[in-house]
Every structure is written in structure tokens, then in C-alpha cells.
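Below, each chain spelled out in residue letters.
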Amino acid sequence: MKLETAFTMDTSSIKYGQGVTREIGYDMEEQGCRRVVVVTDPNRSKSDPVAVTLEALRGRDIDAVLFDQARVEPTDGSFQEAIAFAVQGDFDGYVAVGGGSSMDTCKAANLYATHPADFMTYVNPPIGKGTPVPGPLKPMMAIPTTAGTGSETTGVTIFDYLEMGAKTGIANRALRPIRGIIDLNNTRTMPKMVAACTGLDQLTHALEALTALPYHQRPAPDHPRLRPAYQGANPISHVWASRAIEMIAKNLVRTIADPSDDAARGEVLLAATYAGIGFGNGGLHLAHGMSYPVSGMARDYVPDGYPQGHPLVPHGMAVCLNAPAVFRFTAPANPELHLYAARLMGCDVSRAKPEEAGEILANALIDVMRKVEMPNGLSAVGFGPQDVDQLVEGTLPQHRVTKLSPRPAGPEELRRLFLDSMTLW
Ligand SMILES: [Zn+2]
């Protein structure tokens, strides 16, 4: 097998600053857009960030149309609704305002309205066909109102495929927004639990990007076009992921305890983007792979601060509940790197032995989870050992991420990881 010898570094342009949402009219005008759809979810349709966005666009005489039906934790069905709206609206530009769900819905709407195809055409294999996107999309900009998904910097969109009860997605560089607008004014009103889940998601993004299989241990693509967006850990993703881990570990607990702490909140917001650049190029692995069936199989759990209409295990929660077991498992692949991650989180590892690396990093993560009041493991969100087979089955097809585990994880390993994630402390 020929191994990979190259990696690329792609990211969106970023605009960061308090109040920069007001410049979105100018930003879209600069792209030549005259008729723009603003995608958000029903909870945010009357929020300040959406009002400011619409006003800024209309202030530049851009025809701005609101689509406020992006579903929190989107499904193939909710994507199709947004796609139908986009096809009918004939837009020449896209703006997403909201969390990962709104951004991901906006990416899908842009993709299928620009390059119409059967829904499974671009979906990641083996669940979908994984056909490469035939050309560029319409200009899209993303205005995150939660600090965590990093979706504004990536060419990835994730949804629940209801037929399979699992999350999957579409990953292609063409989906990447051309600009992420990071505005401190937009995250002030995040409920506590939303801030905790998104913050832990971004921390896990950075930890997974850091510890993913190195790019040069991945099989070489047959054609440069087939080089995946998630390429494996590389020297550039390492820099972004490392700095993100440090910034989040230092500031996340502070921002949740005191949302008026603008300095800490600004750091977390910026770190989400850093982590996004890290994982958007380096990739993610098992904690994400395992999270997709956890979210997909949510039955009766509804966390505080989220819409109460349907059961859900928020993405960031599903990810971090699996993460301590994952890092205990991956540490033997590169103990020094796992100890380095623990050091970035503030642990004293000067006397740590390599064989303790996994435990130390897992405990550092559990410490943050407890401080921000995460539930204690999968059993606290409605899962038990009887669910493990189905959870494993839902994880195995997530090749895009599971293949980047620095240690191969088959059904037996995954079983053990899910069992270890039932109770964390
Ligand atoms: Zn994530």
C-alpha cells in the first residue's frame, strides 16, 4: 500500500471583532450577491444576530430572505426542506446565522440548489455515494452564535439519517463557507448548557485533531481530487489544535460561570475557530465517530437550555461523554502526544510515566466536564449495556472519522469503549 506524502491547509477567511456582523451587507455585496437567503433555526429567528444580519444586508440594497426552519440537530428531511426553499428562491448568496445546525443546513441547501442531485449522491460513503462536488458553490458566509462547532471553517455538514438512526454527513472542500464572521456580540445570550456542550465539542475537536492518525500513515489517494478533507494529523493542524486546547481549558469554565466575562468569552470564541481550522484539515476520530449513533438514538433525554420539543443528546455532549474512554484507548499509540495535550490543559506531567498518559488526559477532561455539569456518562442520558450492539453498528460506517483513529478500532474495541463510557466518575 502506498502511503500519503502530502497534506493541504485550507480554511475560510475569518473576520473577528465585536460588532462585525454589521459588515455582512458589505461582505456579501463584495461577492456580487444581490439576493441572499439567511438560514437560521426557529429559536433564533427573532434574535438580535438575525435582525442585525437582515438589516445589514438590506442596508446595502440586497434582497434578503429569511429561512428560519433549520432544525436543531438536522435530519435528511430537514435538509430537504431547506434545499427545496433554496431551489425555489433562486439565491445568489447564502448566510447562516446560528449554531452548527444552521450552518450545516445552509451548506446543504447551497450544495443541492447549486448542483442538483439525488440526496445520497454527495453523502459520505459507504452510507451515500460520496460523489465529489462538481464545482464551486454560491458564496456562503457563516455567523456562529455558539462557540463550538467550528463549522464556519470546514467543508463538512452533518445530519441524522433517520432511516439508519445514525449521523452521517457530506465532506467536501467546496462546502466551506468563504468567510466566518466571529462576533462577540452574538454569543452573549447562550444558555449555560448550550455553552458547556459547544465548548466541550470544540475542546474534543482540538484533542482529536491533535491525536488523529498522522497524515503520512494514511493510504495515498489515487487522484489528488480524492484526498479527503480530513487528512490526518499534520504539522499545521498541530499548531491550531494545540493553541485551541490551551485557550479552551483556560477559559471555558470561567465563561460558563460568568457569561459577562467578555475577555474569557472572546478567547473561547476564537478558540472554536482555531479548533475548527485544526480539525477541518487534520480530522477527527473516535469520540466523534461514536457520538453519531448516541445522538441518532436519543430517546427521552432533553437537556436544559435546548428546545423541549424532541428528545436529543446535543452533539457536544454526545462527543464528550465518549471522549475519556477514547483517549485512554488511543494514548498507547503516542503517549508523549497525549501527555502534551494534558499539559496544554494545565496538568503537571513532569513526573508522569508514558503508560499513565491516557488516564491523565481522561481525568483532565472529566474534571472540566464535572465543573460544567455534564451528565455522568451515557447511562445518565438514557443508554445501557443493552444498547451497545446498536451503538457499535452505528459507529462502524463512520469511516471518514473512525479510520483516523491512531489505533485501529473494530467492533470489539468499540464495544469496550461504549461500556467504559456508561459511567465516568
Ligand atoms: Zn464536533
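Residues numbered from 1 in each chain as written. Predicted model: local features only at pLDDT ≥ 70, side-chain atom pairs only at ≥ 80, totals over all residues. Heavy atoms only, no water.

Focus: helix 9 (residues 315-330)
With 16 residues, helix 9 extends 21 Å from end C-alpha to end C-alpha; this agrees with the ideal 22 Å at 1.5 Å per step. The principal kink in helix 9, of about 40°, is found at Ala323, preceding the proline Pro324 by one to four residues. The element helix 9 is largely enclosed, with a buried count of 15 among its 16 residues. (Helix = DSSP H or I, 4+ residues; strand = E, 2+ residues; numbered from the N terminus. Expected span 1.5 Å × (residues − 1). Bend = angle between axes of the 7 residues up to and from the residue. Buried < 20%, exposed > 50% of the residue type's maximum accessible area, 1.4 Å probe, protein only.)

Quick word on the sheet that holds strand 2 (residues 35-39)
Sheet architecture is open: six strands sit in the order 1-8-5-4-2-3, paired in parallel fashion. Two strands close off the open sheet at either side, each with one partner strand: strand 1 (13-16) and strand 3 (63-67). Within this sheet the neighbouring strands show an average axis-to-axis angle of 20°, counted without direction. Alignment of strand 5 (residues 140-144) against strand 8 (residues 179-182), held across two bridges, turns out to be parallel. Each bridged residue has a counterpart across the sheet, and for Ala142 the counterpart in strand 8 is Gly180. Relative to strand 4 (residues 93-98), helix 4 (residues 100-114) is tilted by about 165°, and along the sheet it contacts strand 2, strand 4 and strand 5. (Pairing = 2+ DSSP bridges. Axes fitted to C-alpha atoms, helices over the stretch in contact; angles between N-to-C directions. Contact = heavy atoms within 4.5 Å.)

Points about helix 8 (residues 286-296)
Most of helix 8 sits inside the fold, with ten of its eleven residues counted as buried. Taken together, the buried positions of helix 8 are occupied by Leu286, Ala287, His288, Gly289, Met290, Ser291, Tyr292, Pro293, Val294 and Ser295.

Some points on the environment of Cys106
Topologically, Cys106 is positioned in helix 4. Excluding its chain neighbours within four sequence positions, the residues that come into contact with Cys106 are Val39, Tyr94, Val95, Ala96 and Met140.

Concerning the coordination of the zinc ion
For the zinc ion, the protein coordination sphere consists of Asp201 (OD), His205 (NE2), His288 (NE2) and His315 (NE2), at 2.1 to 2.2 Å. Relative to the metal, the four donor atoms surrounding the zinc ion lie at angles of 90 to 166°, and the coordination shape comes out irregular. Mapping the donors of the zinc ion onto the primary sequence gives the spacing D-x3-H-x82-H-x26-H. Pair noted here: Asp201 is in helix 5 (residues 192-211) and His288 is in helix 8, with a separation of 87 residues, a long-range link. Residue Asp201 is classed as buried on the basis of its relative accessible area of 2%. The class for His288 is buried, based on a relative accessible area of 1%. (Donors = N, O, S within 2.8 Å, 3.2 Å for Na, K, Ca; no water. Tetrahedral: all angles 85-135°; square planar, octahedral: opposite > 155°, others 65-115°.)

Remarks on the packing of aromatic side chains
If you walk through the whole model with that rule in mind, you get ten aromatic pairs. Pairing Phe67 with Phe85 gives two aromatic rings, centres 4.9 Å apart and planes at 45°, and the pair type is tilted. Taken as a pair, Phe67 in strand 3 and Phe85 in helix 3 (residues 76-89) lie far apart in primary sequence, 18 residues in all. Assessed through its relative accessible area of 7%, Phe67 is described here as buried. Judged by its relative accessible area of 30%, Phe85 is partly exposed. Ring geometry for Phe119 against Phe159: centres 5.3 Å apart, planes inclined by 65°, an arrangement best described as edge-to-face. Taken together, the residues Phe119 in the loop between helix 4 and strand 5 and Phe159 in strand 6 (residues 156-161) connect sequence positions 40 residues apart. Both residues of the pair, Phe119 and Phe159, count as buried. Following the ring pairs from residue to residue traces out a cluster consisting of Phe79, Tyr112, Phe119, Tyr122 and Phe159. (Phe/Tyr/Trp six-rings, centres within 6.5 Å; stacked < 30°, edge-to-face > 60°.)

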